[in-house]
Structure formats: structure tokens, C-alpha cells
Amino acid sequence: MLKIIKENIYNRDINLDILKIIGCVLVIFLHCKGIVVDTNGKVNLSNLAMESFTAICVQIFFITSGFYMYREDGTYVKHLKKLIVSVIVPYIILTFFCLFVTDWLLGISSFKDCIKEANPLANINVIWASLKYNTSAVLPNTLNHLWYIFSYGEIILFYPITKFIINKCPKWIKIFILIIGIFFLFQNDYRFISGRDDYKNIFFVIPKAIFLSFVGSLLYNNFIKVYIIEKKDNIFNTKKKKVISLLSIVYIVLMIISFFLQKDLYEKGGVYYFDSWDSGITFIRTVIICILIYLIDFNKIKQKLKNILSYLSSISYYIYLTHYIILQRFLIRYVDEHFRSKCANAFQDFAFAFLFTILVSVTTVIFCIIIKEVKDYFLKGIKSIYAKFIQKK
């Protein structure tokens with residue numbers, strides 16, 4: 001185990017690693033909670049509270065993706081290669097396998113029958129359609145969570161434009177884009193608060209993921225790095241405890257507001273919105289949590305757990321890919337049937353979801369460690385063969 005977690009952690013940002021791990025845990029927690037609105041339209045308040053608590057999980061990933069992405073020494077080829085090798089290839093492998101055994105994952109038929117009735121060509125066509133049209137809508141329900149990959153792909157495809165704006169454009173242009181983007185995020189919130197259930201605006205032309213990565217770059221390089229990391233004489237360092245307390249209070253207030261707004265929306269027959277990554281309130285909460293992680297001093301814990309946190313962060317994408325499948329096939333039906341249905345109050349609902357999250361997280365991490373070690377061993381063998389035979393020629 002020590003060998004596994006002793007990676008090269010030189011110059012790693014441990015706070016960024018912590019944010020990625022928080023995002024992963026919240027995503028799993030979100031998927032482990034119970035149904036918020038039943039078939040009769042009744043809202044389960046404890047599950048709604050958990051939904052509100054986990055609302056920032058998606059925006060954490062998009063905002064933190066911009067922290068280091070748009071540096072001057074970064075290249076489009078480098079990020080495109082990373083997208084293909086580290087994101088798209090694992091996606092294709094996982095999706096290809098899951099399409100073979102979808103009915104088994106859903107408990108409809110046996111693994112053997114799925115393999116026997118498999119249609120590899122049809123699976124390839126589905127994967128190609130998802131990549132061609134940049135959508136997870138063509139995938140089965142067991143893979144619905146993979147929509148995030150396509151949004152991340154948009155960030156990479158727009159990388160040259162975003163990098164040019166961040167590094168070459170005047171400050172006023174960046175401020176203007178920031179104000180316009182935040183305006184449209186809160187315009188969506190206003191539409192729902194005023195009773196309208198549509199929120200089409202500029203983010204249907206310029207995807208939110210790109211804007212959030214843009215915000216992440218500005219947040220880290222122009223605020224966190226300058227006013228927190230470099231320890232300049234400013235209020236964020238001289239009155240750190242007061243700033244942390246104030247930001248924490250604002251965060252809790254915003255979470256309570258999103259809870260009641262979403263409750264009201266559900267009771268009116270509305271959709272999942274204020275607890276999602278679409279909301280402007282969620283955006284402010286995510287920015288606050290990013291700042292808090294860099295402000296809070298728990299350096300002793302950070303240093304002691306640095307290797308483990310760095311390793312978990314390095315496999316966060318594998319955790320994201322596989323957790324929902326593990327959740328669907330091996331745990332959710334059996335656990336729901338025997339335990340969740342017996343929860344009689346809000347405390348039991350929360351305790352069950354919390355313990356369920358730990359179970360799914362540990363299972364997924366073990367599975368991902370095995371996958372990563374097998375992949376690394378395989379790549380090491382390929383490099384060895386290349387060096388031995390091809391380079392000699």
C-alpha cells in the first residue's frame with residue numbers, strides 16, 4: 001500500500017487535491033441519498049437537505065479545472081492529448097463494457113446471457129454517436145452520469161480562445177465577461193423564482209462549463225494566489241478567523257436559501273434546479289468553499305495525509321467513472337430493499353445515506369486502485385517492449 005501512495009507529489013497543490021476529493025465524495029453522497037419527490041409529489045425534506053448540501057459537487061470540478069489550465073506554458077496539444085488519453089479512452093473502454101452488460105447491471109438478465117446476446121457493432125455505434133453529437137443522451141441510464149465528460153471536452157476544445165482571453169486581453173474585458181456570466185447565472189435563478197420554468201440564455205450558446213473554468217482561472221491566479229498563498233498584508237491574512245467565520249455564515253445562509261427555493265419549486269411541480277450546478281446561488285457557494293479550503297489552517301493534517309490525498313486526487317476521474325456503476329449493480333437494490341425502506345425519520349435517512357456513501361466510496365476506491373495499478377503495469381510493459389525492440393531498430 002505504501003508503494004501505491006508514494007507518488008511524485010513534487011509541487012502538488014494539496015488544497016486543490018482536497019477540493020477534488022470533496023467533489024468526489026459529494027457526488028457519491030448525492031447519488032446515495034433517497035428520492036426527494038415521490039410519485040405522489042410529496043417532498044422528503046431530509047433527502048432534499050442532502051441534495052442541497054451536495055449541490056456544489058459539479059461546479060467544484062469545473063471551477064478547479066481552470067486553476068492551472070490556462071498558464072502561459074500550457075499548450076493546446078498537451079491538453080488535447082490529455083483529453084484523448086486520460087478522459088476519452090477510459091470513457092470508451094468503460095462504456096463499451098457497460099453496453100455489453102447493461103441488462104445485468106440493471107438486474108434484468110444474467111451476465112452470461114448479456115455476453116451471449118451482445119452486439120459489439122451496435123455498441124460501437126452508440127459510443128460513436130455519443131462522441132459525434134457530444135451527448136450522453138444516447139447512453140443507457142447506468143451511464144447517465146457521464147454527461148460531465150462532454151462538458152469537460154467543451155472546455156478543452158475552447159481552450160485556445162479562453163487562454164487568449166485570460167493571458168492576452170485587457171483586464172476590463174475579463175471583468176466584463178465575468179459580470180455578464182454571473183448576470184446570466186442569476187437571471188436563471190430569477191426566472192424560476194418568478195414562476196417561469198425556462199432558463200434559456202447565453203449559456204445555451206457558450207456552455208457554462210467553459211465560463212466556470214474561466215472563473216476558476218481568475219479566482220485562483222488573481223485572488224487566491226495573490227491574497228492568500230503569497231501572504232500579502234491584507235484582511236484575508238490579518239483577520240483570517242473573522243473572514244472564515246463570515247464566509248462560513250454566508251455559505252450556510254445560501255445553502256438554506258437554496259433548500260427553501262428548491263422545496264417551493266418541487267411543491268409547485270417544478271424541476272431540479274436550485275440544488276444543481278445551473279444555479280447562481282450554487283456558483284457563489286462553490287466560490288466560497290474554494291476560498292475557505294485555501295484559508296483554513298490544518299497544515300499538520302494536510303502534511304500527514306499529503307501522499308494519500310494526492311493519490312486519491314489522482315484517481316478522482318476513475319472514481320467518477322465507476323462509482324455509479326458499482327452503486328447501481330452491486331449495492332443500491334440490495335441496500336434499498338433491506339435497509340433504506342426501514343428508515344423512519346430524517347435522522348435515519350441521513351445516517352443511512354452517510355454510511356452508504358462511505359461504503360460506496362471505499363468499494364470504488366479499492367476498485368479504482370486495482371484499475372490504476374493494472375493500467376500502469378500494462379503501460380510499463382508497452383514502454384519496455386517499445387524500448388527493447390522498436391528503438392533498437
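Structure: see above.
This is a predicted model, so every value here is computed, not measured.

Definitions and limits used
- Residues numbered from 1 in each chain as written.
- Predicted model: local features only at pLDDT ≥ 70, side-chain atom pairs only at ≥ 80, totals over all residues.
- Heavy atoms only, no water.
- Helix = DSSP H or I, 4+ residues; strand = E, 2+ residues; numbered from the N terminus.
- Buried < 20%, exposed > 50% of the residue type's maximum accessible area, 1.4 Å probe, protein only.
- Contact = heavy atoms within 4.5 Å.
- Arc of directions from axis to C-beta.
- Phe/Tyr/Trp six-rings, centres within 6.5 Å; stacked < 30°, edge-to-face > 60°.
- Axes fitted to C-alpha atoms, helices over the stretch in contact; angles between N-to-C directions.
- Parallel < 35°, antiparallel > 145°, perpendicular 65-115°, else oblique.
- Left-handed = near helix turned anticlockwise from the far one by under 90°.
- Core = buried A, V, L, I, M, F, W, Y, C linked by side-chain atoms within 4.5 Å.
- Salt bridge = Lys/Arg side-chain N within 4 Å of Asp/Glu carboxyl O.

Engineer: Describe in detail the environment of Ile 315, supporting the description with residues and values.
Structural biologist: If you trace the backbone, Ile 315 turns up in the loop between helix H17 (306–314) and helix H18 (316–338). Looking at Ile 315, the relative accessible area reads 0%, which means it is buried. Each C-alpha atom of the pair Ile 315 and Val 365 lies 8.2 Å from the other, and the pair is 50 residues apart in sequence. Setting aside chain neighbours within four positions, we find Ile 315 in contact with Val 365, Cys 368, Ile 369 and Lys 372.

Engineer: Let's hear about helix H10 (residues 159–168): which residues, and what values?
Structural biologist: Note that an α-helix has 3.6 residues per turn; residues three or four places apart therefore point the same way. Within the span of H10, buried status applies to Tyr 159, Thr 162, Lys 163, Ile 165 and Ile 166. Down the axis of H10, the buried set is contained in an arc of 160 degrees. They therefore lie on one face. Away from its buried face by more than 90 degrees, H10 exposes Ile 161 and Lys 168.

Engineer: Can you tell me about the environment of Val 253, naming the residues and giving the values?
Structural biologist: For Val 253, the position within the fold is in helix H14 (residues 240–267). C-alpha separation for the pair Val 253 and Arg 285, spaced 32 residues apart in sequence, amounts to 9.7 Å.

Engineer: How would you summarise the packing of aromatic side chains if you had to cite specific residues and measurements?
Structural biologist: Taken as a whole and judged by the stated rule, the model has 27 aromatic pairs. Aromatic pair Tyr 317 and Tyr 318: ring centres 6.4 Å apart, planes at 55 degrees, arrangement tilted. Taking the relative accessible area as the measure of exposure, Tyr 317 reaches 16% and is therefore buried. According to the relative accessible area criterion, Tyr 318 is buried, its value standing at 12%. Ring centres of Phe 352 and Phe 356 lie 5.4 Å apart, and the angle between their planes is 40 degrees; on these two criteria the pair is classed as tilted.

Engineer: Give a description of the packing of helix H11 (residues 171–193) against helix H12 (residues 208–229) that names residues and reports values.
Structural biologist: Running from N to C, H11 and H12 cross one another at 130 degrees; their axes reach a closest spacing of 11 Å. The pairing of H11 with H12 is recorded here as oblique in orientation. The chirality of how H11 crosses H12 is left-handed. Residues Lys 174, Ile 177, Leu 178, Gly 181, Ile 182 and Leu 185 of H11 lie in contact with H12, whose contacting residues are Lys 208, Phe 211, Phe 214, Val 215 and Leu 218.

Engineer: How would you sum up the nonpolar core? Please name residues and give values.
Structural biologist: Counting residues in each nonpolar core, the largest one holds 100 residues, and the members touching the most others are Phe 67 and Leu 219. Judged by nonpolar contacts, the second largest core, of five residues, contains Val 36, Val 43, Phe 259 and Tyr 266.

Engineer: Explain the pattern of salt bridges to me, and be specific about the residues and the numbers.
Structural biologist: Following the criterion strictly, the structure yields three salt bridges and no others. Measuring nitrogen to oxygen at the nearest pair gives 2.9 Å for the salt bridge that ties Glu 267 to Lys 263. One end of the pair, Glu 267, and the other, Lys 263, are both in helix H14, four residues apart, so they sit about a helical turn from each other. Take Lys 263: its relative accessible area is 21%, and that puts it in the partly exposed class. Residue Lys 268 pairs with Asp 264 through a salt bridge whose shortest N-O separation is 3.1 Å.

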